[in-house]
Amino acid sequence: MLKICVDIGGTKTIVGLISQDLEVVAYQKFTTYSDNPEKEFAEIVRVAQEYVQQYDDVATTTLNIAMPGPCDYSKGIFINLPNLQQYNGFHAGDYITEHSGFQPYFVNDTNAAILAEYRHLQTPVEDLIYLTISTGVGMAYVRNGKLVAGSEGNFGEIGHTILKSDSAYQCPVCKQYGCVENEISGVAISRKASEILQKPVSTQEAIAMYNNDSNATITEMIEEVLLLTQQLCTNLFSIFNCHNIVLGGGVIQSTLPYKARIEGYAATHQLIQTQPFKVKISELESNVLTGLYDIDTQ
Ligand SMILES: [Zn+2]
């Protein structure tokens, strides 16, 4: 059975057809209509209807959708999206049922990703944490194969929790100092490197300088980012009493030594050493899209 799955991002939207083996059978990509949610969902419905006509064995009424947060995922209402402000208050669930025969299911993009990662594990585990570090930072948690999503589906919004208590940088979003997103994300690495060098520096350029050890202050800054990430993961291991974490997102796919550092730190500082803490770097490129396959049955 093929299912129609949609990944709405701040810049692009992908409408895909996913198989039971989590293969992307077909997909269409378009630029997200960032100032017009009606147009956005009209286009999603149009592509979905095209798939229903073109392919046999499609679940003809299922439409599984990942949206960036925060949203009310139980109903499909956008709450307050930093990059899609025009969507605030838009009721995507109502729009879809009024304009098509589809039954939509909504989920946070990080929650979709963990379902694909969980299915992809070589050795089954009881519970799993997923942490994504890219432009922003998100996390998700699966317990006994089931997603733990929270009452409105916003479980794991750790981006604006405090990680560095003596930070001098005030977050423009939550107005706190030292929140996760402003200390360890790709944007944070670029911001800190640009401050040090007094010119615009991309995340990749900063990481390349760390690898070559070409600037002592940059090396020191990235060492701190790694340490904070190690501490964050050890916090998560303790809070969830979980020994397995998958790391995803663009910054994780860089050459920074996340796996070795996080495992080493947890082995030294975590109190419960009954089994090793295992860090896996994601191998799934389209984990959000493929992870949507199961959300209508979760
Ligand atoms: Zn913040």
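Residues numbered from 1 in each chain as written. Predicted model: local features only at pLDDT ≥ 70, side-chain atom pairs only at ≥ 80, totals over all residues.

**Focus on the packing of helix 5 (residues 186–197) against helix 7 (residues 216–240)**
Logical step 1: Taken N-terminus to C-terminus, the directions of helix 5 and helix 7 make an angle of 155 degrees; their axes are 10 Å apart at the nearest point. In terms of orientation, helix 5 and helix 7 fall into the roughly antiparallel class. Of the two elements, helix 5 crosses helix 7, and the hand of that crossing is right-handed. Contact with helix 5, carried on its side by Ile189, Lys192, Ala193 and Ile196, involves Thr217, Ile218, Met221, Ile222 and Val225 of helix 7 and no other residues of that element.
Logical step 2: Split by residue class, the contact of helix 5 with helix 7 holds seven nonpolar, one polar and one charged. (Axes fitted to C-alpha atoms, helices over the stretch in contact; angles between N-to-C directions. Helix = DSSP H or I, 4+ residues; strand = E, 2+ residues; numbered from the N terminus. Parallel < 35°, antiparallel > 145°, perpendicular 65-115°, else oblique. Left-handed = near helix turned anticlockwise from the far one by under 90°. Contact = placed C-beta atoms within 7 Å. Nonpolar A, V, L, I, M, F, W, Y, C, P; charged D, E, K, R; others polar.)

**A closer look at the sheet that holds strand 11 (residues 244–248)**
Logical step 1: Strand order in the open sheet formed by five strands is 10-9-8-11-12, with mixed pairing between adjacent strands. Strand pairing shows two members of the sheet lacking a second neighbour, strand 10 (146–147) and strand 12 (278–281), which therefore form its edges.
Logical step 2: By the bridge criterion, four bridges tie strand 8 (residues 127–133) to strand 11 in an arrangement that is parallel. Opposite leucine 131, over in strand 11, you have leucine 247 as the bridge partner.
Logical step 3: The strands touched by helix 7 are strand 8, strand 9 (137–143) and strand 11; relative to strand 8, the strand with the most contacts, the crossing angle is about 155 degrees.
Logical step 4: Along the sheet face, helix 8 (residues 258–269) touches strand 11 and strand 12 and points at about 165 degrees away from the line of strand 12. (Pairing = 2+ DSSP bridges.)

**Some thoughts on the domain arrangement of the chain**
Logical step 1: As far as domains go, the chain holds domain 1 (2–113 + 287–297) and domain 2 (121–281).
Logical step 2: Put simply, the middle of domain 1 and the middle of domain 2, counted by C-alpha atoms, are 27 Å apart.
Logical step 3: With 13 residues of domain 1 at the interface, the matching set in domain 2 holds 14 residues.
Logical step 4: Put simply, the parts of the chain that give the side of domain 1 that touches domain 2 at least two residues each are strand 7 (103–108) and helix 3 (109–120).
Logical step 5: Looking at side-chain class alone, the side of domain 1 that touches domain 2 contains six nonpolar, six polar and one charged residues. (Domains from an automatic or database assignment.)

**Focus: the pairing of strand 12**
Looking down a regular strand, the side chains alternate between one sheet face and the other.
Logical step 1: Pairing geometry for strand 11 and strand 12, over four bridges, is parallel. Paired with leucine 247 across the bridge in strand 12 is isoleucine 281.
Logical step 2: Handedness of the crossover is the feature at issue here: the chain leaves strand 11, passes through helix 8, returns alongside strand 12, and the resulting connection is right-handed. (Right-handed = clockwise from strand over helix to strand, strands pointing away.)

**Details of helix 6 (residues 203–212)**
Logical step 1: Those residues of helix 6 not exposed but buried are Thr203, Ala206, Ile207, Met209 and Tyr210. Seen from one end, helix 6 has its buried residues packed into an arc of 155 degrees, which puts them on one side.
Logical step 2: Along its buried surface, helix 6 packs onto helix 5 and helix 7.
Logical step 3: Looking at the residues trailing helix 6, positive phi occurs at aspartate 213, about 50 degrees. (Buried ≥ 20, exposed ≤ 12 C-beta atoms within 10 Å, placed from the backbone. Arc of directions from axis to C-beta.)

**Focus on helix 7**
Logical step 1: Counted at 1.5 Å a residue, the expected span for helix 7 with its 25 residues is 36 Å, and the 36 Å between its end C-alpha atoms agrees.
Logical step 2: What helix 7 keeps buried is the set Ile218, Val225, Thr229, Leu232, Cys233 and Phe237.
Logical step 3: Along its buried surface, helix 7 packs onto strand 8, helix 4 (180–184), helix 5, helix 6, strand 11 and helix 8.
Logical step 4: Positive backbone phi, at 50 degrees, marks asparagine 241, one or two positions downstream of helix 7. (Expected span 1.5 Å × (residues − 1).)

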